[in-house]
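Reading the structure
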Amino acid sequence: MYVAEATAHGGRNGYVTSQDGQLELKVAMPPALGGDGNGTNPEQLFAAGFSACFHNALVMVGRRAGLDLSGSTVAAKVGIGPNKQRGYGLAVALSVSLPVVDEDMAATLVDAAHEVCPYSNATRGNIEVTILLG
């Protein structure tokens, strides 16, 4: 259906570009990892992508249920740290706000979105993903 293409130049202290020219960003190590933080980083980009994709899945399952989820939001936190294999791993926390539905319906919609979201499907079983309703 669609393939995105991006190229990194210089790793975590360089820049990234997309093939279509829509993306050209400086990347830098965040201060917490010893960098100057003078640019975005892969974790921020992953958080942006996951939150946008999950929110779209949420709106879609809401629409299928006959609900207008205007005013809803999804925020993502992506953490990075050492894993048991002497490498590094990610963890994600999604904070979902669904002010127009009750808590039971919100949980049902979030569960359904988690099943159809491509980011959820890509990360399932690979990294810890926590979803918080707020």
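Above this note sits the structure.
This write-up is about the structure you can find in this document. Given the structure is predicted, the values throughout are model-derived calculations rather than measurements.

**Comments concerning the overall build of the protein**
Per the secondary structure count, the protein includes three helices and six strands. Each helix (α) and strand (β) of the protein, taken in turn from the N terminus, gives the series β-β-β-α-β-β-α-α-β. In terms of overall dimensions, the protein has C-alpha extents of about 45 × 35 × 25 Å along its principal axes. Counting only residues that meet the buried cut, the protein has 29% of its 134 residues in that class. For the protein, restricting intrachain contacts to residue pairs at least 6 apart in sequence, the fraction spanning at least 24 positions comes to 46%. As displayed, the protein has an accessible area near 8600 Å², and 53% of this comes from carbon and sulfur atoms. Between the centroid of the 8 positive side chains of the protein and the centroid of its 12 negative side chains there is a distance of 8 Å.

**Some details on the pairing of strand β4 (residues 73–82)**
Look at any regular strand and the pattern is simple: side chains alternate between the two faces of the sheet. Bridge count between β4 and strand β5 (residues 88–97): 10 bridges; the pairing is antiparallel. Within β5, the position partnered with A75 by the bridge is S95. Counting the residues in the hairpin turn of β4 and β5 gives five residues, including R86, whose phi is positive at 70°.

**A short note on helix α2 (residues 103–116)**
Each α-helix winds once per 3.6 residues, and so residues spaced three or four apart point in a common direction. Relative to the 20 Å expected for 14 residues at 1.5 Å per residue, α2 spans 20 Å between its end C-alpha atoms, a close match to the ideal helical length. Among all positions in α2, only A106, L109, V110, A113 and H114 are buried. Viewed along the axis of α2, the buried residues span an arc of 140°, placing them on a single side of the element. Exposed residues pointing more than 90 degrees away from the buried face of α2 are listed as D104, D111 and E115. Contacts from the buried residues of α2 go to α1 (42–64), β5, α3 (118–123) and β6 (128–133).

**What about the pattern of salt bridges?**
Considering all chains together, one arrives at two salt bridges under this definition. Residue E43 is joined to R12 by a salt bridge in which the shortest nitrogen-to-oxygen separation is 2.4 Å. Here the residue E43 occupies a position in helix α1, and R12 occupies one in the loop between β1 (6–9) and β2 (14–18), the gap between them amounting to 31 residues. Among the residues examined, R12 registers a relative accessible area of 26% and is labelled partly exposed. Linking E115 and R124 is a salt bridge whose minimum nitrogen-to-oxygen distance equals 3.8 Å.

**Quick notes on the sheet that holds β5**
Strand order in the open sheet made by the three strands is β4-β5-β6, with mixed pairing throughout. Every interior strand has two partners, whereas the edge strands, β4 and β6, have only one. The mean angle between the axes of side-by-side strands here comes to 15°, regardless of whether they run parallel or antiparallel. Along the sheet, α1 makes contact with β4, β5 and β6, crossing β4 at roughly 145°. The strands touched by α2 within the sheet are β5 and β6, with β6 carrying the most contacts at an inclination of about 155°.

The rules behind these values
- Residues numbered from 1 in each chain as written.
- Predicted model: local features only at pLDDT ≥ 70, side-chain atom pairs only at ≥ 80, totals over all residues.
- Heavy atoms only, no water.
- Helix = DSSP H or I, 4+ residues; strand = E, 2+ residues; numbered from the N terminus.
- Buried < 20%, exposed > 50% of the residue type's maximum accessible area, 1.4 Å probe, protein only.
- Contact = heavy atoms within 4.5 Å.
- Areas by Shrake-Rupley, 256 points an atom, 1.4 Å probe, with all protein chains shown as cover.
- Lys, Arg positive; Asp, Glu negative; His and termini not counted.
- Charge placed at Lys NZ, Arg CZ, Asp CG, Glu CD.
- Pairing = 2+ DSSP bridges.
- Expected span 1.5 Å × (residues − 1).
- Arc of directions from axis to C-beta.
- Salt bridge = Lys/Arg side-chain N within 4 Å of Asp/Glu carboxyl O.
- Axes fitted to C-alpha atoms, helices over the stretch in contact; angles between N-to-C directions.

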